[in-house]
Amino acid sequence: MIKNDLFLRALKGETVQRPPVWMMRQAGRYLPEFIALRDKYDFFTRCQTPELAAEITVQPIRRIAPDAAILFSDILVIPQAMGIEVEMKPNFGPYLPHPIRTIQDVEKVIVPDVHETLGYVFEAIKLTKEMLNDEVPLIGFAGSPWTIMCYAVEGQGSKSFDKAKGFCFSHPEAAHVLLQKITDTTILYLKEKVKSGVDAVQIFDSWGGMLSPVDYQEFSWKYINQIVEALADDAPVIVFGKGCWFALGEMGKSRASALGVDWTCSPRNARYLSGGNITLQGNFDPSRLLSPIPVIKKMVHEMIDEFGKDKYIVNLGHGILPNIPVDHAKAFIDAVKEYNQ
């Protein structure tokens, strides 16, 4: 049994003394001990070496003590496993030298044997579970099919992902074949993550907000919902769509256990739009962690008051920034632990 199960209880919608708290990208760039490993090993070496991935996962648990750990990995391990080359360039980000632009390119993409291609992730989960010693739950994650496709078609990050959108609109059949292949791979991957020991999974739809509400249903939500349906009986599923407030109503009717909300949607609107019955997660502006510590604590308490302590998981509205002081990150976590109505 997990000693601190607040996070899992909130996912079930149970009444809690205080809401649980963790931070997206908490295993990473703001921690000096992470930077020491980053300077020693390149990005995919860290992802693909179970000992390193496990160590990075537990670093924030030791340092700032959130109520859940999230496995250190990357959403782009999925396209790598599917035969799409992915590099992580320093000071640039993801780079895919052979982007997908034609139906022929799509046909070459495989749905892999996840044991062969992603076994290192499952090993990292087992090691991490040992290191966590049932102190807190472990979250596994994947990118949404649409978000993965954005990188696969664009070849790199983008402010607008025009090439990815253009591919969907000019070659819809090819786009849907690719999205389905990514969906099938993601389901196999997440199911194996659960078997390996993660207690919950999160789907990151980082670029969902690039689509109009109508296109979102066709090119993103339809595929996310397949993943939710496939996983819902195995583990709680959190869906986080950045900029996707317009889809909260549809998401709220799904079998997801919780919905992530970014900082552009107020707690009141998020409750209203999602139907008021589902657990919500979010939505502190990551840049706000640069505020003075007393301001952070005051704002966190106000945020909890607005969301309500039940059916709520405190988090940021996106990943923590690299320039956040560690004591400010800890103040965010501590503010939640100090909360009482």
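Residues numbered from 1 in each chain as written. Predicted model: local features only at pLDDT ≥ 70, side-chain atom pairs only at ≥ 80, totals over all residues. Heavy atoms only, no water.

The next point concerns the overall build of the chain. A count of helical and extended segments in the chain gives 15 helices and 9 strands. Relative to the compact-globule value of 20 Å for 341 residues, the chain shows a C-alpha radius of gyration of 19 Å, a close match. A principal-axis box enclosing the C-alpha atoms of the chain has dimensions of 60 × 45 × 35 Å. Looking at the 341 residues of the chain, the share that counts as buried comes to 56%. The long-range share in the chain, meaning contacts at least 24 apart out of those at least 6 apart in sequence, stands at 74%. (Helix = DSSP H or I, 4+ residues; strand = E, 2+ residues; numbered from the N terminus. Rg over C-alpha atoms; globule rule 2.2 N^0.38 Å. Buried < 20%, exposed > 50% of the residue type's maximum accessible area, 1.4 Å probe, protein only. Contact = heavy atoms within 4.5 Å.)

Our next topic: the layout of surface pockets. Reported here for the largest pocket is a volume of approximately 1,300 Å³. Residue lining of the largest pocket: 36 residues in total, with Arg 25, Arg 29, Phe 43, Asp 74 and Met 88 positioned closest to the centre. Looking at the lining of the largest pocket element by element, the count peaks at 3 residues for helix α3 (residues 43-48). Here the residues of the lining of the largest pocket sort into 20 nonpolar, 8 polar and 8 charged. Lining the second largest pocket are Trp 263, Cys 265, Ser 266, Pro 267, Asn 283, Phe 284, Asp 285, Arg 288, Met 299, Glu 302, Met 303 and Glu 306. Secondary structure elements with two or more residues in the lining of the second largest pocket: β8 (279-284) and α14 (293-307). Take the lining of the second largest pocket: its biggest share by element is 4 residues, from α14. (1 Å grid on protein atoms, 1.4 Å probe; cavity = no way out; pocket = protein on both sides within 12 Å on 5 of 7 lines; lining within 4 Å. Points joined across faces, edges and corners; volume = space filled by probe spheres on them. Nonpolar A, V, L, I, M, F, W, Y, C, P; charged D, E, K, R; others polar.)

Mapped onto this numbering, the UniProt entry gives "domain: Uroporphyrinogen decarboxylase (URO-D)" (unreviewed entry) at residues 20-29 and 139-155. Note that residues 20-29 is 0% helix and 0% strand, and that its end C-alpha atoms are spaced 22 Å apart. In this annotation, residues 139-155 is assigned 59% helix and 29% strand; the end-to-end C-alpha distance for the span is 28 Å. (UniProt positions renumbered as here; feature names shortened; annotations may be inferred.)

Quick look at the packing of aromatic side chains now. Inspection of the entire model under this criterion finds 15 aromatic pairs. A centroid spacing of 5.5 Å and a plane angle of 85° characterise the contact between Phe 141 and Phe 204, whose relative ring orientation is edge-to-face. Within this pair, whereas Phe 141 is found in strand β4 (residues 138-143), its partner Phe 204 is found in strand β5 (residues 200-205), the two being separated by 63 residues in sequence. With a relative accessible area of 9%, Phe 141 lands in the buried category. The class of Phe 204 is buried, set by a relative accessible area of 12%. Linked through ring pairs, Phe 34, Phe 43, Phe 44 and Phe 72 together constitute an aromatic cluster. Of note, Lys 89 hangs over the ring of Phe 92, and the distance from its end group to the ring centre comes to 5.9 Å. Sitting over the ring of Tyr 95, Lys 89 keeps its end group 4.1 Å from the ring centre. (Phe/Tyr/Trp six-rings, centres within 6.5 Å; stacked < 30°, edge-to-face > 60°. Lys NZ or Arg CZ within 6 Å of the ring centre and 35° of its normal.)

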